[in-house]
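# Fold and contact review
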Amino acid sequence: MASEDPTLFTAHSLPSDPRLWATVTNAYLGTRVYHDTLHVSGIYNGARGATHRATLPSPLNVQLEAPAGTGHQLTKTFILDTNTGSFLHTLEDSRFRASQCIYAHRTLPHVLVLSVSLSRLDARSGPITVLLQAAFSPESPDLDLHLGPDFQGARYLYGHTLTPEQPGGPQQEVHMLWTPVPPALTLGEGEEDRTWEFLTVVGGSQAEAQACLLEALRLQAKGTLYTAHAQAWVQLWADCGLDVVGPLALRQALRGALYYLLSALPHPGAPGYICHGLSPGGLSNGSRDECYWGHVFWDQDLWLFPNILLFHPEAARGLLEYRVRTLAGALDNARNLGYQGAKFAWESAGSGLEVCPEDIYGTQEIHINGAVVLAFELYYHSTQDLQLFQKAGGWEVVSAIAEFWCSRVEWSPGEEKYHLRGVMPPDEYHSGVNNSVYTNVLVQNSLRFAAVLAEDLGQPVPEQWLAVADKIKVPFDLKQNFHPEFDGYKPGEEVKQADVVLLGYPVPFSLSPQVRRKNLEIYEAVTSPQGPAMTWSMFAVGWMELKDTRRAWDLLERSFANITEPFKASLAPASAHTLILPAFCLGPWLAGAGAQLGEGSQRGPGDSHQTLGPSGSRGSGLRRACVLGGGGGVPVLTTFPLQVWTENADGSGAVNFLTGMGGFLQAVLFGFTGLRITRAGVTFDPMCPVGVSGVCISGISYQGNKLDFSFCEDSMTIEIRARAGPWAPPLEAELWPSRARLPLSPGHKVSFPCSAGRIQRSLPQEAKAASSSPRTPS
C-alpha cells in the first residue's frame, strides 16, 4: 500500500520516455535526472525565430549501479522528496544500501550537487563497491567550448554561444567548474557508512564560477552543504503551503505542482537575482526542438503569476521586471507592425523582440499585452509597491500598452464602437477574427487600470484611453444569452482551449450567473479534448463561482489526465488496488478533527513549429487516466507515485508543463477559496467541491502581511502570522451580507461560519461609524 504522505513521490522504475523523468532546477540552473544536458537561465543560442535555450553538457548524468553478481534480491527505489528538493535513487540488498542524491542547491543557485552514500547493513560483509556510469563529453551544439586549467580540484570548461538572438547582439559567456566522478566508489572493510559529494558550478564569468565553487567547498568542508539546501526548503514550506482534506491523489497533485513552481523561483531574500522569465516547460527544458525552445509566453503572466504573487511577491516582482527590461523590444515590435506603444512578443527570449518562428502568432496573438497588464494590476493591488511604477519602469509598461491598444483599434461608424480586427484569440483554431471577446475585454481592463494608475501617480489621463475602454465592442448574443467568441462565431464550432470562459476569472469582468453558466455550457461542449492541461481548471473555477460542486469537480478531475505515470497519482473507482481515504476534518477548531493538515507548441525534429502556439501541440487523442468514483462518494486513490505534467493528456507537447500546473493551482487557490485580488482588498467566497471537506493555505501575502486561510464546509479561520514591518497596514475581514468587520491581529486566529467577504485595510473608527447604510460589496 502506498504511503499517505503527499510530499514524497516514489517509484520502483523510471518511465521509458526520458522526457518524463523528474526535473532538478532552481532559479538559475535546470536539468532532468540522468540527462546529458543542462540549461542556464537567460542563455539562448540562435538567431531570431531559431533562438532556444543553449545546452551545456551535464556532469550530473551519472547512473548508480550495483556491481555484477549482487544477486536478484536487489531493490531499486526512486524518490522525489519535495520536503528537501532532492531526487533519490536507492539500491539495497541484505548487505548494503547505496543512495544517489541529486539536487539544485536552493541557496547557492549556481550549484548542482550529486552525492552518493554507502551504508553497511551486514557487519560480516567485506568491502562494498558500487559503479558510477557517467556519460560526459565537453561539447555542445550551441556553445564554443574550451577546457581550461583546473581550479581547486575541479575541471574547468568555458565558452560562449555561437549565434546571438539579434544581429550584433552579445554572444553570452558560460563558465563551468565540476568535480569529476570516478567509475566506482568503495566502502572499505570496517567502515559503516560514507558519503561522497560531486559539484557542478556554472557562472557568467570565470570569477563568478570560482567564487561560487569556493562557497560550496566551504559548506562542504563544514559538512553542511546538503543541510543548508534542505533547511532552506524546510523553511520555504514553513512559510507557504497548500493542502486539502480530500483524496491523496489531489493532495499529491497540488504538492507536486507547487513544488515544481517554487523550484523555478529564487529563494526569498536571494541577493542580486535577475529574472529571465518563466517558460512553459521550465528551465529543465527548452533545447532546440523541445518545449517551445525555452521562450516566454502569456503562460508566465496569466497562468503562473497569480500563484506566485499570492505566496512570493518578491519573485512576482522579478517577473514584472523581466517585462520592464524587455520593453524596448516590445516598443520595436509595435513599430514594426505600424502601431504606437508596446506590443509584447508572443514568444520572447532575451531582447523582448518577437522570436516566434511563424509571423501569424506574433502578429495576431496580441492578447498577451492584456495578460501582461493584468499581472501588473494584480501586483499593484496586492502590494501597493509604488516604487516599481514610479521609478522602476512599471508605469512605462502599462502606459505603452495602453497607447498600443488605442492605435490598434478602429472606429466603426455603423456600430459606433471600436473594433479590434484580425486577431487570434487564445483559441488558436481560429485566426484573423474580428472582436475576440476575450481580447477586447482585456483591452478594456488594461485601459481602465492604466487610467487609475495614472491618477494614483499624478500622471495625466489621455481622454482616448477611457473612450476606447467604454466604446470597444464586447460581442454578446442577446437571443442565446452568451458571449460569442468573436464576430461571426456560431455555437457548435470547436475551440482549442479555455477562451471565453476566462472572463470572470482570471480576467475581471462582471457577468450575471445566467450568462456565466451559458458561457460554460456552450464552450465546454465544444472544447477540444486534445487541448492543453490548464483548460479544464478554468472551467472548474467557473462552476465553483456558480456553487455547482459536482460539475466543478468533474472538470477539475480532467486535469489529472495530464500527470504522467509512473510519477503520478490518479483518481479512479475503488478496486482491490485502491485506498479509500478517511473523511477527517480540518484543524483543531473543528469538532471531531481526525488529523492535522501537513504544511504546507511542441517542436519535433525536422519540424520548425508544428503546433499552434505555446499551449498548442495537438495530441492524437485523450487518454483519460482518471475517473471519479461512482455513486457521488469521496474519490479514491489509485497510486502511480511521482508527478510530472505534460501539456496534453496523451503525453504530447511540453513536459514538466508549468502552465498546466499553474492553472491547476489557481483552481484551488482562487477557485476553492473564491479569492480575488481587487483594488479594495482580497475578496473570498469559499466552497468545498465534491470529495473535499477542507482547505488550508498558509503564507498568503497581502500588503506586507502574511496570512493563513483555512475553511471546511461550515467554518473558516483567518490568521495573520506576521507583518513585514510597521508600514504594513492593519487588516480586517468584512463579512457579507452582514457587513460585520472582524479585526485581524497578528498571532490571533479569527474563526467564523463560512461566508463571503473581503480582507481589507482596517477602516478608521469614524469611517466605520459612518458606513452604516447598506451597500453592495465590490
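Preceding this section is the structure that the text describes.
This report concerns the structure included in the present document. (Residues numbered from 1 in each chain as written. Predicted model: local features only at pLDDT ≥ 70, side-chain atom pairs only at ≥ 80, totals over all residues. Heavy atoms only, no water.)

### Observations concerning the overall build of the protein chain
Tallying secondary structure elements over the protein chain gives 17 helices and 33 strands in all. Here the protein chain holds 778 residues, and 61% of them are scored as buried. (Helix = DSSP H or I, 4+ residues; strand = E, 2+ residues; numbered from the N terminus. Buried < 20%, exposed > 50% of the residue type's maximum accessible area, 1.4 Å probe, protein only.)

### A closer look at the side chain of Asp548
By the element assignment, Asp548 lies in the loop between α14 (535–545) and α15 (549–557). If we ignore the near neighbours within four places in the chain, the residues touching Asp548 are Arg517 and Trp543. (Contact = heavy atoms within 4.5 Å.)

### Thoughts on the sheet that holds strand β7 (residues 56–57)
Ordered in space as β2-β3-β4-β7, the 4 strands form an open sheet in which the pairing is antiparallel. Of all strands in the sheet, those with a lone pairing partner are β2 (23–25) and β7, marking the two edges. One ladder, built from 2 bridges, connects strand β3 (residues 29–32) with strand β4 (residues 37–40); its direction is antiparallel. Looking at the pairing, Gly30 lines up with His39 of β4. (Pairing = 2+ DSSP bridges.)

### Here's the deal with helix α5 (residues 313–325)
The end-to-end C-alpha distance of α5, which contains 13 residues, comes to 18 Å, matching closely the 18 Å that a straight helix rising 1.5 Å per residue would cover. Regarding α5, the residues found buried are Pro313, Ala315, Ala316, Arg317, Gly318, Leu319, Leu320, Tyr322, Arg323 and Val324. Contacts made by the buried residues of α5 are with α4 (298–311), α6 (327–336), α8 (367–383), α9 (386–390), α10 (394–408) and β27 (694–702). (Expected span 1.5 Å × (residues − 1).)

### Some thoughts on the sheet that holds strand β33 (residues 756–761)
The strands making up a sheet are joined through hydrogen bonds of the backbone, oriented either antiparallel or parallel. Taken in spatial order, the 5 strands make up an open sheet running β25-β26-β33-β30-β31, and their pairing is antiparallel. Two strands close off the open sheet at either side, each with one partner strand: β25 (676–677) and β31 (741–744). Bridge count between strand β26 (residues 682–684) and β33: 3 bridges; the pairing is antiparallel. Each bridged residue has a counterpart across the sheet, and for Val682 the counterpart in β33 is Ile759.

### Re helix α12 (residues 463–471)
Restricting attention to buried positions, one finds in α12 the residues Trp465, Val468 and Ala469. Take α12 and look down its axis: the buried residues cluster within an arc of 100 degrees, on one side only. Elements in contact with the buried residues of α12: α10, β21 (417–419) and α11 (437–457). (Arc of directions from axis to C-beta.)

### What about the packing of aromatic side chains?
A full pass over the atoms with the stated rule returns 30 aromatic pairs. With 4.8 Å between their ring centres and 70 degrees between their planes, Trp411 and Tyr418 make a pair best called edge-to-face. Overall, Tyr418 belongs to the buried group, its relative accessible area being 16%. One aromatic cluster in this structure is built from Tyr292, Phe297, Trp298, Trp303, Trp346 and Tyr438. The positively charged end of Arg106 is found above the aromatic ring belonging to Trp233, 4.9 Å away from the centroid. The ring of Trp237 is capped by Arg255, whose NZ or CZ atom sits 3.5 Å from the centre of that ring. (Phe/Tyr/Trp six-rings, centres within 6.5 Å; stacked < 30°, edge-to-face > 60°. Lys NZ or Arg CZ within 6 Å of the ring centre and 35° of its normal.)

### Section: unusual backbone geometry
The amide bond that connects Tyr505 to the next residue, Pro506, takes the cis arrangement and shows omega of 5 degrees. Looking at the element boundaries, Pro506 is found in the loop between α12 and α13 (513–524). Cis geometry is adopted by the peptide bond preceding Pro737, which originates at Trp736 and carries an omega value of 5 degrees. Assignment of secondary structure puts Pro737 in the loop between β30 (731–736) and β31. In this model, Gln152 sits at a positive phi of 50 degrees, which is unusual for a non-glycine residue. Position of Gln152 relative to the elements: it lies in the loop between β14 (143–151) and β15 (154–161). Taking relative accessible area as the criterion, Gln152 reaches 53% and is therefore assigned exposed. Phi at Glu416 is positive, roughly 55 degrees, even though this residue is not glycine. As for its position among the elements, Glu416 is in the loop between β20 (410–412) and β21.

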